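Examining the three-dimensional arrangement
In case you want the letters, here they are:
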Amino acid sequence: MNKSILKCIFLFSGIVLLSCCSIKSPNRTEIVELKLPFYDNDEHILNMSEFVDSIRYIHLETNPDNIIGEVGKVMCLDDKIIIVDDMFTHAVFFFDMQGKYLNKIAHRGSGPDEYVKIKSVSIDEKGKRVFILDTNQQRIVVYAFDGQYISSVKVDFSCFDIQYMENDVLACYCDYYTGNDLMVKNNQVPLIVLYNINDQEKKPYLYEDISIEGRETTMAYMLSKYVRDLASFTHPLSSCIYIIDSQQVKEGYLIDFGEKNERSKQAYVKLLKEENITAERIIKENLRPDYKMLTGSMLGDAFMSFGYRNFDKQINGMFFYDLKSGKMVGGQSVEKWPIHNDIDNGYPVIPYAVRDNHIFTVIDVGSISELNTTSSVLKQYQQTLTSD
């Protein structure tokens, strides 16, 4: 959501009520198949009251020291909200859970304790460390939560996203990159590498055909981590949500979109392998993928969310799966977001982060004035916008 000039940012924290309590992490030895309740172009708008118990709005304090150009990533800890702006200020901002501004990490430069640009950020919550991937200098710079420089780690392979796991292991996304020659195997390249920053050991996983390039897949991957010891990963050529820990990458959940969708996906994968599908060709020849591809997942302690999109038919889908009861609710719509906020007619859930049984959404400030909301918090801000 582009906010190049901001007066403030709101988050809302919704309590997801699919089962009544949090649970332990999901069973890592079983693959769970999730069959969607509708296929094709069916439209079903999901009301938030079906899975959200209550909403709390968090107004993030704004002052001249913490102007955020664009919210690229949100990470929520027990006592902190962390906002990453990887487009404009290239900084990491810290707030408490009431929205009070604490501090930021903003050390741009080419020095040994600096980074040129932020490509990705991950958090070691237990060790209170921040890992910033700087692809310009091919290294990861490590800071303490208070912004003090700790160390830097040279990365001798190309990666485009990172998540800190445990025991100084990073899960790294490699984006079908063919330049990682040392890890090429049988004309295939790994999508995920588990990288130990102490001894530089690299464990590659999820090999894909070397003839496929990242630009051909519409970049709809997502590597996310919201459970302390687990991350999830999706990529557009698979209907599987992979679960990652510090030791391995495994299939976790298989999303059943139906046989017709699977045939369309396999036909598109075959096309990618046989031809060079550039962005220009996709537009000119209308080669947008005509199947529902996973666009991301967020695995929490109590529930998992996942989204999908058919880029040709502009179908959007969003589902929430309770890890304890197995209950699943979701919505699907054409050319619009499939979730409606019927609780206070405010902004709908668009997952930016999860924590325990809470889900966090960034509110586009520019749209608040257009809402016919019953929320007293949003109404008060609407009055502020009008008076300004």
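Strand order in the open sheet formed by four strands is β5-β6-β7-β8, with antiparallel pairing between adjacent strands. At either end of the open sheet lies a strand with only one pairing partner, and these are β5 (73-76) and β8 (101-105). Averaged over all neighbouring strand pairs, the angle between strand axes comes to 20 degrees, with direction disregarded. Sheet topology note: the strand β6 (residues 80-85)/strand β7 (residues 91-96) ladder contains six bridges and is antiparallel. In the sheet register, Val84 faces β7, and the bridge partner there is Val92.

Side-chain positions along a regular strand alternate between the two faces of the sheet. By the criterion of burial, strand β10 (residues 129-134) is predominantly enclosed, with six of the six residues buried. The two faces of β10 match: Arg129, Phe131 and Leu133 on one face and Val130, Ile132 and Asp134 on the other face are all buried. Note: β10 against strand β11 (residues 139-144), six bridges, orientation antiparallel. From the neighbouring strand, Val130 faces β11, where its bridge partner is Tyr143.

Next up on the list: the packing of aromatic side chains. Applying the stated criterion to the full structure yields 14 aromatic pairs. Consider the rings of Tyr173 and Phe233, whose centres lie 5.5 Å apart with planes at 45 degrees: the pair is tilted. A residue pair is termed long-range when its members are at least 10 positions apart, and Tyr173 in strand β14 (residues 169-173) and Phe233 in strand β18 (residues 230-234) qualify at 60 residues. The burial state of Tyr173 is the same as that of Phe233; both residues are buried. Where Tyr308 meets Phe319, the ring centres are 6.2 Å apart and the plane angle is 25 degrees; that geometry is what we call stacked. Here the residue Tyr308 occupies a position in strand β22 (residues 303-310), and Phe319 occupies one in strand β23 (residues 315-322), the gap between them amounting to eleven residues. By the ring-pair criterion, three or more aromatic residues cluster together here, those being Phe257, Phe306, Tyr308 and Phe319.

Counting 42 residues, the largest nonpolar core has Phe51, Val74, Ile81, Ile83 and Phe320 as its most contacted members. Leu34, Ile243, Tyr308 and Phe319 belong to the second largest nonpolar core, which has 18 residues in total.

Next up on the list: the pattern of salt bridges. Taken as a whole and assessed by the stated rule, the structure comprises eleven salt bridges. Asp156 is the partner of Lys202 in a salt bridge, and the nearest nitrogen-oxygen pair spans 3.4 Å. On the criterion of sequence distance, the pair formed by Lys202 in strand β16 (residues 202-209) and Asp156 in the loop between β12 (149-154) and β13 (161-164) is long-range, its members being 46 residues apart. In this structure, Glu262 engages Lys265 in a salt bridge whose closest nitrogen and oxygen atoms are separated by 3.2 Å. Placement of the pair is Glu262 and Lys265 together in helix α1 (residues 259-274), with a separation of three residues, close to one helical turn. Owing to a relative accessible area of 5%, Lys265 belongs among the buried residues under this scheme. Overlapping salt bridges, with partners in common, bring together Asp78, Glu125 and Arg355 in one network.

Further remarks concern the sheet that holds β12. Pairing is antiparallel across the open sheet formed by four strands, whose spatial order is β9-β10-β11-β12. Strands at the two margins of the open sheet, each flanked by one partner only, are β9 (120-124) and β12. Within the sheet, the average angular offset between the axes of one strand and its neighbour, ignoring direction, is 20 degrees.

A few words on the side chain of Asp96. Note on placement: Asp96 falls in strand β7. Lacking a salt bridge, the buried Asp96 has Lys100 as its closest oppositely charged neighbour, with an N-O distance of 5.8 Å. Of note is the side chain of Asp96, whose polar atom sits 2.9 Å from the backbone nitrogen of Gln98. Separated by 2.9 Å, the side chain of Asp96 and the backbone nitrogen of Lys100 make a polar contact. In contact with Asp96, other than residues within four places in its own chain, are Asp79, Lys80, Ile81 and Leu102.

For the rest of this paragraph, the subject is the pairing of β16. Across seven bridges, strand β15 (residues 188-196) lies against β16 in antiparallel orientation. Each bridged residue has a counterpart across the sheet, and for Leu194 the counterpart in β16 is Lys203.

Here the focus is α1. Residues that lie three or four places apart on an α-helix share one face, since the helix turns once every 3.6 residues. With 16 residues, α1 ought to run about 22 Å at 1.5 Å a step, and its terminal C-alpha atoms sit 23 Å apart, in line with that. Buried within α1 we find Asn261, Lys265, Tyr268, Val269 and Leu272. In an axial view of α1, the angular spread of the buried residues amounts to 100 degrees, which keeps them on one side of the axis. Seen from the open side of α1, the exposed residues pointing more than 90 degrees away from its buried face are Glu259, Lys260, Arg263, Lys270 and Glu274.

About the criteria used
- Residues numbered from 1 in each chain as written.
- Predicted model: local features only at pLDDT ≥ 70, side-chain atom pairs only at ≥ 80, totals over all residues.
- Heavy atoms only, no water.
- Pairing = 2+ DSSP bridges.
- Helix = DSSP H or I, 4+ residues; strand = E, 2+ residues; numbered from the N terminus.
- Axes fitted to C-alpha atoms, helices over the stretch in contact; angles between N-to-C directions.
- Buried < 20%, exposed > 50% of the residue type's maximum accessible area, 1.4 Å probe, protein only.
- Phe/Tyr/Trp six-rings, centres within 6.5 Å; stacked < 30°, edge-to-face > 60°.
- Core = buried A, V, L, I, M, F, W, Y, C linked by side-chain atoms within 4.5 Å.
- Salt bridge = Lys/Arg side-chain N within 4 Å of Asp/Glu carboxyl O.
- Lys, Arg positive; Asp, Glu negative; His and termini not counted.
- Polar contact = N/O pair within 3.5 Å; in protein donor to acceptor, adjacent residues only side chain to side chain.
- Contact = heavy atoms within 4.5 Å.
- Expected span 1.5 Å × (residues − 1).
- Arc of directions from axis to C-beta.

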